[in-house]
Amino acid sequence: MAISDNLAAIRMELPDTVRLVAVSKFHPVATLMDAYGAGQRVFGESRVQELVAKQPLMPADVEWHFIGTLQTNKVKYIAPFISMIHSVDSVRLLQEIDRRAAEAGRTIRALIETHVAEETTKHGFGIDECLEFFRDGGGSRFANVEICGLMGMATFTDDMEQVRREFRALKQLFEEIRALPETDKSVFRELSMGMSDDYHIAIEEGSTMVRIGTKIFGGRT
Ligand SMILES: *Cc1c(COP(=O)(O)O)cnc(C)c1O
């Protein structure tokens, strides 16, 4: 199927409360432009080098989201234009984003990547660590970073009940943080969960942003 058909099919399934991040990593700009032509404006990339190569070649109204592991020494390359960083996995990284956002005269939106998967290979904040961070006022400590919510990934498994459990745990944590007196509920409202294989479950469990690559663009080489 054409990219525009794939996008249309996915959009039909998304409630109004859920935004679609088109994950375009490993695909060439011409392919991204097909999605752009079909009305897609939010694109997600996972490697800094690839993102900074594509960004100037795409129209200026594209909203770029960073979803991969981000090394602190590379934040400066994306700070001038990145709209949201989904994959904040340490306070140190937050500090660097804050510094580089200030330099660029911007505010950068960010999500705290939180580890809810039962498998051990995923990284990010632990559930307790995340809660602790927000209880300590971390959510509003950084003047140039708006911490808008959480991001998480489920275990890579065929066991859809396990996937559901993990998404549910992330949603529960999200609600706990929203209920803290320290939390600005007008800012902290995004829950980024769901990929090609599990976004239906993620939406049922309260996702507000799905990150979909394969189902839009096909396989990656
Ligand atoms: C690659 C990637 C996706 C998209 O995965 P698909 O299975 O192709 O939809 C989503 N989130 C993150 C963090 C990714 O790295």
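Here's what I pulled together on the structure shown here.

Parameters and conventions
- Residues numbered from 1 in each chain as written.
- Predicted model: local features only at pLDDT ≥ 70, side-chain atom pairs only at ≥ 80, totals over all residues.
- Heavy atoms only, no water.
- Helix = DSSP H or I, 4+ residues; strand = E, 2+ residues; numbered from the N terminus.
- Buried < 20%, exposed > 50% of the residue type's maximum accessible area, 1.4 Å probe, protein only.
- Phe/Tyr/Trp six-rings, centres within 6.5 Å; stacked < 30°, edge-to-face > 60°.
- Lys NZ or Arg CZ within 6 Å of the ring centre and 35° of its normal.
- Expected span 1.5 Å × (residues − 1).
- Contact = heavy atoms within 4.5 Å.
- Polar contact = N/O pair within 3.5 Å; in protein donor to acceptor, adjacent residues only side chain to side chain.
- Near = heavy atom within 4 Å.
- Areas by Shrake-Rupley, 256 points an atom, 1.4 Å probe, with all protein chains shown as cover.
- Pairing = 2+ DSSP bridges.
- Disulfide = S-S within 2.5 Å.
- Core = buried A, V, L, I, M, F, W, Y, C linked by side-chain atoms within 4.5 Å.
- Axes fitted to C-alpha atoms, helices over the stretch in contact; angles between N-to-C directions.
- Parallel < 35°, antiparallel > 145°, perpendicular 65-115°, else oblique.
- Left-handed = near helix turned anticlockwise from the far one by under 90°.
- Nonpolar A, V, L, I, M, F, W, Y, C, P; charged D, E, K, R; others polar.

So, unusual backbone geometry
- One non-glycine residue, Phe26, adopts positive backbone phi at about 70°.
- Note on placement: Phe26 falls in the loop between strand E1 (19–23) and helix H2 (29–37).
- Given a relative accessible area of 39%, Phe26 falls into the partly exposed group.

Observations regarding the packing of aromatic side chains
- Inspection of every chain in the model, using the stated rule, returns five aromatic pairs.
- Aromatic rings pair up to connect Phe125, Phe133, Phe134, Phe174 and Phe188 into one cluster.
- Note that Arg41 overlies the ring of Tyr36, its terminal NZ or CZ placed 3.5 Å from the centroid.

Topic: helix H7 (residues 160–178)
- Between its terminal C-alpha atoms H7 stretches 27 Å, which fits the 27 Å expected from 19 residues at 1.5 Å a residue.
- All of the buried residues in H7 are Gln162, Val163, Arg164, Glu166, Phe167, Leu170, Leu173, Phe174 and Ile177.
- Buried-residue contacts for H7 involve helix H6 (127–135), strand E6 (145–151), strand E7 (190–192) and helix H8 (199–204).
- For H7, the N-terminal cap is Asp159; the gap from its side-chain oxygen to the backbone nitrogen of Glu161 is 3.1 Å.

As for helix H5 (residues 91–103)
- If you check H5, its first and last C-alpha atoms are 19 Å apart, about what 13 residues at 1.5 Å a residue would give, namely 18 Å.
- Residues Leu93, Leu94, Glu96, Ile97, Asp98, Arg100 and Ala101 constitute the buried set of H5.
- Where H5 is buried, its residues contact helix H4 (75–78), strand E4 (84–88), strand E5 (108–113), H6 and E6.
- Looking at the residues trailing H5, positive phi occurs at Gly105, about 70°.

A few points about the site of the ligand
- Near the ligand you find Val23, Lys25, Ile67, Met153, Met195, Ser196, Arg211, Ile212, Gly213, Thr214 and Arg220, and these make up its full shell.
- For the ligand, an oxygen atom lies 2.5 Å from a polar atom in the side chain of Ser196.
- Measuring from an oxygen atom of the ligand, one finds a side-chain N or O atom of Thr214 at 2.6 Å.
- For the ligand, whose free accessible area comes to 390 Å², the fraction covered by protein is 89%.

Comments concerning the pairing of strand E8 (residues 209–212)
- Judged by which residues are buried, E8 turns out to be covered on both faces: Met209 and Arg211 on one side and Val210 and Ile212 on the other are all buried.
- With four bridges connecting them, E1 and E8 associate as parallel partners. Each bridged residue has a counterpart across the sheet, and for Leu20 the counterpart in E8 is Val210.

Examining the state of the cysteines
- Following the criterion strictly, the structure yields zero disulfides and no others.
- Between Cys130, a cysteine without a disulfide, and Cys148, which holds the nearest cysteine sulfur, the sulfur-to-sulfur distance is 14 Å.
- With a relative accessible area of 0%, Cys130 lands in the buried category.

A word on the nonpolar core
- Judged by nonpolar contacts, the single largest core of 61 residues is most densely connected at Phe43, Ile112, Phe134 and Leu150.
- When residues in this core are grouped by element, the largest group, six residues, is from H7.
- Those residues within four positions of Phe43 in sequence are excluded, and the remaining contacts are Val21, Ala22, Ser24, Leu32, Ala35, Tyr36, Met58, Val62, Glu63, Trp64, His65 and Phe217.
- By size, the runner-up hydrophobic cluster in this structure holds five residues, among which are Met84, Leu111, Cys148 and Met209.

Focus: the packing of H6 against H7
- Taken N-terminus to C-terminus, the directions of H6 and H7 make an angle of 15°; their axes are 10 Å apart at the nearest point. For the element pair H6 / H7, the angle class is roughly parallel. When the axes of H6 and H7 are compared, the crossing they make is right-handed. Across from Ile127, Cys130, Leu131 and Phe134 in H6, the residues of H7 making contact are Leu173, Glu176 and Ile177.
- Tallied by class, residues from the contact of H6 with H7 come to six nonpolar, no polar and one charged.

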